[in-house]
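Spelled out, the chains give:
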Amino acid sequence: SHVLIVGASRGLGLELTRRYLADGALVTATARDDAGLQRLRELGARALKLDVTSAASVAGLAWQVDGSHFSTVVINAGVYGPKLRTLDTPTDTEFDQVMHTNVLGPMRVVPQLLDALAPQARLAVMSSRMGSIASRTANSGWLYRASKAALNSVLKDLSLALIDRALCVALHPAGCAPTWAAPRPDLPVATRRPDAAQHHRRADRSPARQLARSRRHAHPLVRCQMPDAVCRPTPLTRFRRRPHHAAQ
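Since the structure is predicted, the reported quantities are computational estimates derived from the model, not experimental observations. (Residues numbered from 1 in each chain as written. Predicted model: local features only at pLDDT ≥ 70, side-chain atom pairs only at ≥ 80, totals over all residues. Heavy atoms only, no water.)

## Brief notes about the overall build of the chain
Under the convention used in this document: Runs of H or I in DSSP of at least four residues are treated as helices and runs of E of at least two as strands, each being numbered from the N terminus. When accessible area is computed with a 1.4 Å probe and restricted to protein chains, residues below 20% of their type maximum are described as buried, those above 50% as exposed, and intermediate ones as partly exposed.
A count of helices and strands for the chain gives 8 helices and 7 strands. When each of the 248 residues of the chain is scored for burial, the buried share is 48%.

Now the structure itself:
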């Protein structure tokens, strides 16, 4: 299989790259700077320079992946932004940074990949339960929450546009400390969770097998976990269009 990880210079993206490679997949991964690109090359991935906040950078993605056929695409690039409570007004700069990265970024990237998707590919975005409206019980990080709610909407639209071409999945990094939230962001993701070994013994949670397995489950909240060291992200939902005869 050929996997594309967008936003893989550190944290979740870097660990996903490491685990997919360990599973024997061919991995193409992106980073914004030379240090991130070097880390990816040292792992054995094909490294591409990409900044999802730059229209010019994303415009060159299609030709960089020309001829590829990705069976799995994970759009992981994202930022938390300022830790604002509700009624704490973000500045224009803060709003633009979060929305351009978390929402406009995927809207720019996916159209560049249309000719590089393998038949029945899996397209995943790293979302968050913080973007859920129905299950919301706290009001911290309202700019980040708004961006993830918007990202979920974007993914729903993509699922309709890519009907019969790709399975679209919104992932939630359950119990994980992303780079921006970890007490020690300099540590590899695998070392941030002391009970990772116990979870590893319970089941094989490699990303390739779990995302592949998700297609065979009927329940929309099927566990589609990433590796144990990435703290078992699970899908918020899978989007699949209803048959025409079921539509009202």
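Having seen the model, we can carry on.
## Comments concerning unusual backbone geometry
A positive phi is found at Leu87, a non-glycine position, where the angle reads about 85°. Among the structural elements, Leu87 can be located in the loop between strand E4 (70–75) and helix H5 (92–112).

## Considerations on the pairing of strand E6 (residues 166–172)
Definition in use: Strands pair, by our definition, only if DSSP identifies at least two bridges between them. Here a crossover is taken to be right-handed if, once the strands point away from the viewer, the path from the first strand over the helix to the second is traced clockwise.
Taken across its 7 residues, E6 has 7 buried, putting it largely inside the fold. Judged by which residues are buried, E6 turns out to be covered on both faces: Ala166, Cys168, Ala170 and His172 on one side and Leu167, Val169 and Leu171 on the other are all buried. Judged from the 6 bridges that link them, strand E5 (residues 117–126) and E6 form a sheet pairing that is parallel. Paired with Ala121 across the two strands is Ala166, which belongs to E6. A crossover connection joins E5 to the parallel E6 through helix H6 (residues 142–161); in handedness this β-α-β unit is right-handed.

## Describing the side chain of Ser128
The following threshold applies: For the purposes of these results, a polar contact is taken to be a pair of N or O atoms within 3.5 Å, where, inside protein, one atom must be able to donate a hydrogen and its partner to accept one; residues adjacent in sequence count only when each atom of the pair is a side-chain atom.
Mapped onto the secondary structure, Ser128 falls in the loop between E5 and H6. Here Ser128 falls in the buried class, since its relative accessible area comes to 5%. In terms of polar contacts, Ser128 uses its side chain to reach the backbone amide nitrogen of Met130, at 3.0 Å.

## Observations concerning the pairing of E4
With 6 of 6 residues buried, E4 is to be regarded as a mostly interior element. In this sheet, E4 lies alongside strand E1 (residues 2–6) in parallel orientation, the contact comprising 4 bridges. When the bridges of E4 are listed, Val3 appears paired with Thr72. Where E4 meets E5, 5 bridges bridge the pair, whose relative direction is parallel. Bridging from a neighbouring strand, Thr72 pairs with Arg122 of E5. Tracing the backbone out of E4, into H5 and back to the parallel element E5 gives a crossover that is right-handed.

## Re helix H1 (residues 11–22)
An α-helical turn contains 3.6 residues, so a residue and the one three or four places further along point in the same direction. Let me state the cut-off plainly: To estimate the expected span of a helix, count its residues, drop one, and scale the result by 1.5 Å.
Taking 1.5 Å of rise per residue, 12 residues should cover 16 Å, and H1 covers 17 Å from first to last C-alpha, within 8% of that figure. Within H1 the residues assigned to the buried category are Gly11, Leu12, Gly13, Leu14, Glu15, Leu16, Thr17 and Tyr20. Note on H1: the residue one or two positions beyond its end, Gly24, has a positive phi of about 95°.

## Observations regarding the pattern of salt bridges
Just so we agree on the cut-off: A side-chain nitrogen of Lys or Arg and a carboxyl oxygen of Asp or Glu constitute a salt bridge if their distance falls within 4 Å.
Across all of its chains, the model carries 3 salt bridges by this definition. Measuring nitrogen to oxygen at the nearest pair gives 3.1 Å for the salt bridge that ties Glu15 to Arg19. Within this pair, Glu15 and its partner Arg19 are both found in helix H1, separated by 4 residues, close to a single helical turn. Accessibility expressed as a relative area gives 22% for Arg19, which makes it partly exposed.

## Some words on H6
For H6, with 20 residues, the first-to-last C-alpha span of 29 Å sits near the 28 Å given by 1.5 Å per residue. Within the span of H6, buried status applies to Leu143, Tyr144, Arg145, Ser147, Lys148, Leu151, Asn152, Val154, Leu155, Leu158 and Ser159.

Functional significance is not addressed by these values, which are geometric in nature.
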